[in-house]
Amino acid sequence: MTNISVVGLGPVGLCSAVAFATQGHRVIGFDIDTSRRDQVSRGEPPFYEKGIREALRKVLRAKRFSVVDTMDAAIEPAAVVFLCVGTPSREDGSMDDGGLRAATKSIAAAWRDGKRRTVVVKSTVLPGTTDNVVRPILEASGRPFRLGVNPEFLREGRALEDALRPDRVVLGADGPETARILKSLYRSAKCPVLATDLKTAEAVKYATNSFLATKVAFADELANLCDALGVSYDEVHKGLGLDSRINPRFLVPGVGFGGSCFPKDVRALVSAGRRHGVEPRLLEAVLAQNEVQYLRAIAFLEEELGDLNGKRIAILGLAFKGDTDDIRETRAFPIARSLLSKGALVVGYDPLAGPAFSKVVPEVKVVDSVKEALAGADGTILQGDWPAFSRLTAKDFMTMMATPVVVDGRRILDPKKMRGVRFHRIG
Ligand code: UDX
């Protein structure tokens, strides 16, 4: 059992904290946001994540997890401190390390005794950040410390499951003793554990997300080409997946990728490459392709309905994917804005993300059910892959909509079952 403190209680911090506590560690959480601290300590997760509410309440009740109100109270008992603060994009796409700097300074200020602690960066940071940003701040404090990097690979919607049962663990350490401490935290993990230096662990995270984003952008482009060449993407995908060197996963084409990681991390890597004299042409193309992919969905609507001015268009799914309430970089933004600019009346529905989406694009009429969204609609774009959307039938579209024009932007419906619907999907 290790005394762990987690600084930053966003999806990554909270899921990691709850997972460590579930595995028997004694975990303390801290966040600079007072209302977030209050919510978490009451057993109310500040975001939707499958299973997190029950798991959080369980570890709170068992007193294996508690939330404290000061950084001092978080640092004092800790042997290992995880930094789980956000590293958002700046205007120019580069990584903003402001939150990381501030949190590290606050840890250093709260470190009042001479006890040696291990500080582990879980935030996604560019290679070199732990050494160049975190290390000097801790060194200036004069406290004895060890440094680690432990990137997260949590998928939103399955983050707790991924934290409890990872399929790989990457541990960057500044020396053998740190590596030993980090390995002991993952003793129960039944998966490969890769021990590296700090910079390599940081790089593995960017390599992974850039590759996955590239796969999605490749699938999107390939599906566009399949359409142009009159070939079925499904069959091509099957054939592609039969090559043992190509994993068929993450090759589902649609309206492009969004979320809190792929766009931001690819942009940060491109920006870092340019600063270091490398022009990352492939990753620039991935971003450029992703920027315009949603236009294919709009084009299908125009093909079917002509001028969209005055047409009622429903967007199903406003979060960046199903099973989450996260609207960060959701493709529903450019889809909605493009439809609005063409004079369409845009109606949106999402099982969880409606209120958050409304605040950003108030011109979209957000409603409370699929039925309300589709009622009288001239066309719809399925932007989110919620299971409830995949159960929609041809009859649903034909009875609810004014004209059953359906663009499946996430490949969740079976075209063979869409008889009578003017059905489109990419590829
Ligand atoms: C991702 C990584 O998977 C995770 O390991 C990392 O830690 C954080 O980023 P997440 O952002 O939760 O997780 O979503 P993910 O399920 O990976 O999907 C990202 C985006 O790609 C979504 O917009 C999704 O709709 C899109 N996508 C994914 C596709 O368009 N096609 C695919 O085949 C897969």
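A short tour of the structure in this document, coming up. (Residues numbered from 1 in each chain as written. Predicted model: local features only at pLDDT ≥ 70, side-chain atom pairs only at ≥ 80, totals over all residues. Heavy atoms only, no water.)

Moving on, we come to the overall build of the protein. Regarding its fold elements, the protein presents 18 helices and 14 strands. Taken over C-alpha atoms, the radius of gyration comes to 23 Å for the protein, in line with the 22 Å a tight globule of 427 residues would show. Oriented by its inertia axes, the alpha-carbon framework of the protein measures out at about 70 × 45 × 40 Å. The contacts in the protein between residues at least 6 apart in sequence include a share of 72% that link residues at least 24 apart. Carbon and sulfur atoms provide 54% of the accessible area of the protein, an area that totals close to 18800 Å². One finds the centroid of the 61 positive side-chain charges in the protein at a distance of 5 Å from the centroid of its 52 negative side-chain charges. (Helix = DSSP H or I, 4+ residues; strand = E, 2+ residues; numbered from the N terminus. Rg over C-alpha atoms; globule rule 2.2 N^0.38 Å. Contact = heavy atoms within 4.5 Å. Areas by Shrake-Rupley, 256 points an atom, 1.4 Å probe, with all protein chains shown as cover. Lys, Arg positive; Asp, Glu negative; His and termini not counted. Charge placed at Lys NZ, Arg CZ, Asp CG, Glu CD.)

Next up on the list: the sheet that holds strand β6 (residues 145-149). Pairing in this open sheet of eight strands is mixed, and the strands run β3-β2-β1-β4-β5-β6-β7-β8 from one edge to the other. Each having just a single partner strand, β3 (65-67) and β8 (193-196) make up the two edges of the open sheet. Across the sheet, the mean angle from the axis of one strand to that of its neighbour is 25°, orientation sign disregarded. The sheet contact formed by strand β5 (residues 117-121) and β6 spans five bridges and is parallel. Its bridge partner being in β6, Val120 is matched across the sheet by Gly148. (Pairing = 2+ DSSP bridges. Axes fitted to C-alpha atoms, helices over the stretch in contact; angles between N-to-C directions.)

As a structural note, the neighbourhood of the ligand is formed by 18 residues, with Glu156, Val252, Gly258, Cys261 and Lys321 the closest of them. The separation between an oxygen atom of the ligand and a polar main-chain atom of Phe320 is 3.3 Å. Between the ligand and Arg410 there is a distance of 3.2 Å, counted from an oxygen atom to a side-chain nitrogen or oxygen. Burial of the ligand by the protein chains amounts to 92% of its free accessible area of 660 Å². Broken down by element, the shell around the ligand gets its largest block of residues, three residues, from helix α9 (residues 198-229). (Near = heavy atom within 4 Å. Polar contact = N/O pair within 3.5 Å; in protein donor to acceptor, adjacent residues only side chain to side chain.)

Let us now look at the packing of helix α1 (residues 11-22) against helix α3 (residues 52-61). Contact geometry for α1 and α3: axes closest at 10 Å, N-to-C directions at 50°. By the criterion of interaxial angle, the relationship of α1 to α3 is oblique. Note on packing geometry: the crossing formed by α1 with α3 is left-handed. Contacts from Leu14, Cys15, Val18, Ala21 and Thr22 of α1 reach α3 at Ile52, Ala55, Leu56 and Val59. The residue makeup of the contact of α1 with α3, split by class, is eight nonpolar, one polar and no charged. (Parallel < 35°, antiparallel > 145°, perpendicular 65-115°, else oblique. Left-handed = near helix turned anticlockwise from the far one by under 90°. Nonpolar A, V, L, I, M, F, W, Y, C, P; charged D, E, K, R; others polar.)

A few words on the pairing of strand β7 (residues 169-173). Working note: regular strand, side chains alternate between the two faces of the sheet. Within β7, five of the five residues are buried, which leaves it mostly tucked inside the rest of the structure. The two faces of β7 match: Val169, Leu171 and Ala173 on one face and Val170 and Gly172 on the other face are all buried. The sheet contact formed by β6 and β7 spans two bridges and is antiparallel. For Gly148, the partnering residue across the bridge sits in β7 and is Ala173. Note on the crossover from β7 through helix α8 (residues 176-185) to β8: the handedness is right-handed. (Buried < 20%, exposed > 50% of the residue type's maximum accessible area, 1.4 Å probe, protein only. Right-handed = clockwise from strand over helix to strand, strands pointing away.)

For the structure on display, the rule yields six aromatic pairs. With a centroid separation of 5.8 Å and 80° between ring planes, the pair formed by Phe257 and Phe262 is classed as edge-to-face. Classification of Phe257 as buried rests on a relative accessible area of 5%. Given the relative accessible area of 13%, Phe262 is considered buried. With a centroid separation of 5.2 Å and an interplanar angle of 15°, the aromatic rings of Phe333 and Phe357 are classed as stacked. Here Phe357 lies in helix α15 (residues 354-360) and Phe333 lies in helix α14 (residues 332-341), a separation of 24 residues in the sequence. Phe333 sits in the buried class, given a relative accessible area of 12%. Of the residues examined, Phe357 reaches a relative accessible area of 0% and is grouped as buried. An aromatic cluster is defined as three or more aromatic residues linked by ring pairs; in this entry it consists of Phe20, Phe82 and Tyr186. (Phe/Tyr/Trp six-rings, centres within 6.5 Å; stacked < 30°, edge-to-face > 60°.)

So, about unusual backbone geometry. Look at Phe250: it is not a glycine, yet its phi comes out positive at around 65°. For Phe250, the location among the structural elements is in the loop between α10 (233-241) and α11 (262-275). Its identity is not glycine, yet Glu329 carries a phi of approximately 55°, on the positive side. By secondary structure assignment, the location of Glu329 is in the loop between β9 (312-316) and α14.

This next bit is on the layout of surface pockets. Computed from the structure, the second largest pocket encloses a volume of approximately 210 Å³. Lining the second largest pocket are Phe211, Thr214, Lys215, Ala217, Phe218, Glu221, Ile246, Leu251, Leu282, Ala285, Val286 and Gln289. Going through the elements one at a time, α9 and α12 (281-292) are the ones with two or more residues in the lining of the second largest pocket. Among the elements that make up the lining of the second largest pocket, the one with the highest residue count is α9 (six residues). A per-class count over the lining of the second largest pocket returns eight nonpolar, two polar and two charged. (1 Å grid on protein atoms, 1.4 Å probe; cavity = no way out; pocket = protein on both sides within 12 Å on 5 of 7 lines; lining within 4 Å. Points joined across faces, edges and corners; volume = space filled by probe spheres on them.)

Val7, Met71, Leu83, Leu100, Ile107, Val134 and Leu138 are the most contacted members of the largest nonpolar core, which has 36 residues in total. It is helix α5 (residues 98-110) that contributes the most residues to this core, five residues altogether. Apart from residues lying up to four places away in sequence, Val134 is in contact with Leu83, Leu100, Thr104, Val119, Val121, Thr129 and Leu147. (Core = buried A, V, L, I, M, F, W, Y, C linked by side-chain atoms within 4.5 Å.)

Here we take up the pattern of salt bridges. Applying the stated criterion across every chain yields a total of 26 salt bridges. Arg296 is the salt-bridge partner of Asp227, the closest N and O atoms lying 2.3 Å from each other. Here Asp227 is found in helix α9, whereas its partner Arg296 is found in helix α13 (residues 295-305), with 69 residues between them in sequence. Between Glu304 and Arg422 there is a salt bridge, with its nearest N and O atoms 2.8 Å apart. Taken together, the residues Glu304 in helix α13 and Arg422 in strand β14 (residues 422-425) connect sequence positions 118 residues apart. One connected set of salt bridges, linked through shared partners, spans Glu44, Arg53 and Arg57. (Salt bridge = Lys/Arg side-chain N within 4 Å of Asp/Glu carboxyl O.)

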